[in-house]
Each structure stands twice: as C-alpha cells, then as structure tokens.
Amino acid sequence: MGPPPPRSGRPAVASTPRAAAAALVRRVQAATPPGRDRATDALRAFAILGVVLGHWLVTALITDSGTLHGASPLQRMPQLAPISWLFQTLAVFFLVGGEVAARSHAAARARGTAHHHWLHARLGRLFRPVAAVLAVWTVATAAMLAAGVGLDTVHTLAKLVLSPLWFLLVFAALTAATPLIARLHPAWPCAVVVLVDALRFGLDAPGWLGWLNLPAGWLVPYCLGAARARGAAHRRTTGWALLLGGATATAALVLCAGYPASMVGVPGAAVSNLNPPTLAAVTFGLAQCGAALLLRAPLNRALRRPGAWTAVALLNLSAMTVYLWHQTAMMAVTATGWSLAGPLPGLHTLPDGPAWLLARLAWLPVFAGALLVCWAAFAAYEHRRPRARDRHRAEPEGTGPAAAEGNPARPAVLPHA
C-alpha cells in the first residue's frame, strides 16, 4: 500500500526550496546568451569579493576615550601582509572594465550610437546605487550629530562609507575616455607611474605629485583590457610574461627599493601602495592581470556547470550594491554588537594578535548576513531597467553582439562594467 496522497492545494514543503533553486538555475541558464564570456563575470565577481573580504579583514573599529576610530591588524601584525596580496583585486576589475568597455563602444559605434548615449547607459547602473548610499548616510550623519556623537567618530564612519567611491570616479573617468584610450599601449601610463615615483622617492618631489598615479596607475590594467578587446594579449605567453614579470618586479621593489609589502594602506605608515598607487601596486596589478588571463579558459570550462554559473551571475547582478554597502553592513554589526553586549572579541577589540584574527573570521558570516539585508533593501536601485529610449540608443536587448553583455536573468541589465 503506497503513501497517502498529499492534501489538495498543499504541495510538499520540503521540496520547495530545492525546486525554487532548480527553477532559478534553469532560468539563468535559459537567459544566458550562448556566446557570453562567463570568465569575465567570474573575474569581476572575484574582484568585488576580494575588496569586500579585504575590508572586512583589515578594518577594525575600536573606541579610545569615547571616540571611535579605525585600526588595522597590519599595523601590529605586518606578517599578515600576504592577506593584502589576496584581497587587493582592483587591477582585475579595471582589466575587465577596459576590455568590455572597448568592445561595447566599438559595437555602439558600429550601430551609429552617439558616444554620450553610450556613456549614459554604461554609467547609469554604476551611479544609481550611489544616490541611495548618499541619501541614507546624509540622514544618518545628521542624526548622529544631532544626538551629540563626536565629530571624530562621525568622520571615521563617513570615511569608511565614502572612501570606496574614489574607485567609481576613476572608473567613470576612464570609461568616458574609452574612445581616446582604446588603442593606448599600457606601457605609456606605466611610464608615467615610473616617472612620478622616481620624482617622489628619488628626488624628493612634493607628495601631491603622487596623485598623478591615481588615473595613470589604474589606466595600466584598463589599457591592457582594451588591448584584449582589439585582439591583442590573447596568448598564454602574454599571461605568463605578465604574471612572472609583474611578480618579479614587485618583489624587487619591496625587497630592494623600500616599497611597503602591504598592497593596501596601513594607518600610520609613511608610504601607502594604494593611496595613491605606487609602481609596486602597478606591477603587482600586472601580475594579477597575467593570472586572470591564464585562468580565463579554465574558468569558462568550470562555469559550464549550471550551479556555479548561477552563483556568479547573481553576484554580478548586484555587484555595485555589494560594493557600496559592505562597509555599512560591517558598521551595523559593530554598532549592534556594542549596544547589546559591549566590547566583543574581533569586533571591538584591538587587532593586535592571532586571537583577534581568528575571532574576526568568525564574524565574517555575520557581516555577510547584514550585507544580505542591505541588498534586500537597496538592490532595486541597481536593477532598475533603463527607459526604452535609452535601451534603443545604447545596446539592444536579447539579440546581436550586445546580448552577450546582458543580464543572464534579464538581458542587457548586467553590464561588464
């Protein structure tokens, strides 16, 4: 005698989550254009996750005489510098951005799309989520000041939120200049970085000169990506040359020329490899770009697995939301923990030993849960569809070359930008 049939109108609950996940995977697979370069999405996801995890691991908020300020485990544990090698992934993001922007602009030009329409479409999804962040933190800042929170504490929190925006400004400027730099060889901006560093560190030039490296340093991987778009830098020998040459140059600069070993800024350090970028940051980025080029084929093969591709595609759908709100998520957990339980290890304590690092690792899932809440609240600002007029002027949906740059769940929403 078989099991009794389920009651009418009440499907088995146990199978619902698995069925929903399977349906999502099928939907993503069906909506993904056959020619989409899935490795590009994976590299972007890796770059975003690297930044997020890096910030969560090397940024601590501690109190001193009632004032909140930031601290880094790299200050007291310089042996943790290799962590920054794993999570300083912005060069990969600029590599991907340069490649896809160059391809997108060439396709738009072939369709007769004006540059300003193309640019508006590409930058819209980058900056729509920024408006939500700024609005929320403007209100939060006013509320903290009204409640009597000290200026130093407010400055610390606002800086953590706003500091990631520098990257968007640089990326937007490079995107706008894509028609001018699409054929620029990466050696030219690299030469600018070499000259600036020689003047700064060799001839005691003013420190402000180093900020010329902010556009020039990130222009190097951007130009390398644009070179791939026009058919160059596709050989594996290029990837190996960049990986080995960049790694060797970085090691020489750190060991022989006095550059910091950390590839992120360390509070109190005399020189930062990131603010502004140094030659060591550029050569390290070239090594990362070489590794990314070598991993493209294996990644494309691995992402033929529907589950793996769905995870990558969904992260790309909300890449800017994740990037813009990850610091807010960390601060929300920090503030909530303090209010409920007082100082907690790895969250409010001084990052001065391995015990802090182990405790911090335990907090990462909690940060991720808070980020998921932020995503649920604000992802809509990133997913808003462009107006029909803008879609027509920028990239058509569903068909043609531009379809390969579309959202796997909703074509032409998920950009390679």
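Preceding this section is the structure that the text describes.
Residues numbered from 1 in each chain as written. Predicted model: local features only at pLDDT ≥ 70, side-chain atom pairs only at ≥ 80, totals over all residues. Heavy atoms only, no water.

> Looking at this model, I keep getting lost on the overall build of the chain. Mind explaining?
In terms of helices and strands, the chain carries 17 helices and 2 strands. Within the chain, the fraction of its 417 residues that count as buried is 49%. The contacts in the chain between residues at least 6 apart in sequence include a share of 77% that link residues at least 24 apart. Counting only carbon and sulfur atoms, one obtains 69% of the accessible surface of the chain, whose full area is about 19800 Å². (Helix = DSSP H or I, 4+ residues; strand = E, 2+ residues; numbered from the N terminus. Buried < 20%, exposed > 50% of the residue type's maximum accessible area, 1.4 Å probe, protein only. Contact = heavy atoms within 4.5 Å. Areas by Shrake-Rupley, 256 points an atom, 1.4 Å probe, with all protein chains shown as cover.)

> Would you mind going over the pattern of salt bridges with me for this structure?
One side chain can pair with another of opposite charge once the charged atoms of both are near each other. Under the definition given, this model contains 7 salt bridges. A salt bridge links Arg-103 to Glu-99; the nearest nitrogen and oxygen atoms lie 3.1 Å apart. Of this pair, Arg-103 and Glu-99 both sit in helix H5 (residues 90-111), 4 residues apart, roughly one helical turn. Of the residues examined, Glu-99 reaches a relative accessible area of 0% and is grouped as buried. Measuring nitrogen to oxygen at the nearest pair gives 2.6 Å for the salt bridge that ties Glu-99 to Arg-296. Separated by 197 residues along the polypeptide, Glu-99 in helix H5 and Arg-296 in helix H13 (residues 279-302) bring together distant segments of the chain. (Salt bridge = Lys/Arg side-chain N within 4 Å of Asp/Glu carboxyl O.)

> Honestly, the side chain of His-348 in this entry has me stumped. Any pointers?
With respect to the helices, strands and loops of the structure, His-348 is situated in the loop between helix H15 (319-341) and helix H16 (354-383). Overall, His-348 belongs to the buried group, its relative accessible area being 9%. Polar side-chain contacts of His-348 include one of 2.8 Å to the backbone oxygen of Thr-334. Looking at His-348, its side chain comes within polar contact range of the main-chain nitrogen of Trp-338, at 3.4 Å. (Polar contact = N/O pair within 3.5 Å; in protein donor to acceptor, adjacent residues only side chain to side chain.)

> Explain the packing of helix H2 (residues 38-58) against H15 here, please?
Helix packing geometry: the angle between the two helix axes and the distance between the axes. Taken N-terminus to C-terminus, the directions of H2 and H15 make an angle of 5°; their axes are 10 Å apart at the nearest point. The orientation of H2 relative to H15 falls into the category roughly parallel. Residue-level inspection shows Ile-48, Val-51, Val-52, His-55 and Trp-56 of H2 in contact with H15, the latter providing Ala-319, Met-320, Val-322, Tyr-323, His-326, Gln-327 and Met-330. A class-by-class count of the residues in the contact of H2 with H15 yields 9 nonpolar, 3 polar and no charged. (Axes fitted to C-alpha atoms, helices over the stretch in contact; angles between N-to-C directions. Parallel < 35°, antiparallel > 145°, perpendicular 65-115°, else oblique. Nonpolar A, V, L, I, M, F, W, Y, C, P; charged D, E, K, R; others polar.)

> Just to check I follow, could you spell out the packing of aromatic side chains for this structure?
Describing an aromatic ring pair means giving the distance of the ring centres and the angle of the ring planes. Under the definition given, this model contains 14 aromatic pairs. Ring geometry for Phe-167 against Phe-171: centres 6.1 Å apart, planes inclined by 40°, an arrangement best described as tilted. Within this pair, Phe-167 and its partner Phe-171 are both found in helix H8 (residues 165-176), separated by 4 residues, close to a single helical turn. Comparing Phe-167 with Phe-171, the two get one shared label, buried. Among the aromatic residues, ring-to-ring pairing joins Phe-93, Phe-94, Trp-166, Phe-167, Phe-171, Trp-218, Tyr-222 and Tyr-323 into one connected group. (Phe/Tyr/Trp six-rings, centres within 6.5 Å; stacked < 30°, edge-to-face > 60°.)

> Sorry, what's going on with the nonpolar core here?
Within soluble globular proteins, side chains that are nonpolar generally end up buried alongside one another. Membership of the largest hydrophobic core comes to 95 residues, with the highest contact counts inside it found for Phe-167 and Trp-218. With 6 residues, the next largest nonpolar core counts Val-28, Ala-42, Leu-303 and Ala-313 among its residues. (Core = buried A, V, L, I, M, F, W, Y, C linked by side-chain atoms within 4.5 Å.)

> Quick question: what am I supposed to make of unusual backbone geometry here?
Backbone geometry follows two general trends: most residues other than glycine have a negative phi, and most peptide bonds adopt the trans configuration. For the bond from Asn-275 to Pro-276, the omega torsion is 0°, close enough to zero to count as cis. Structurally, Pro-276 is set in the loop between helix H12 (236-256) and H13. Positive phi is not limited to glycine here, since Asp-204 has a value of about 55°. Secondary-structure assignment places Asp-204 in the loop between helix H10 (187-202) and helix H11 (213-229).

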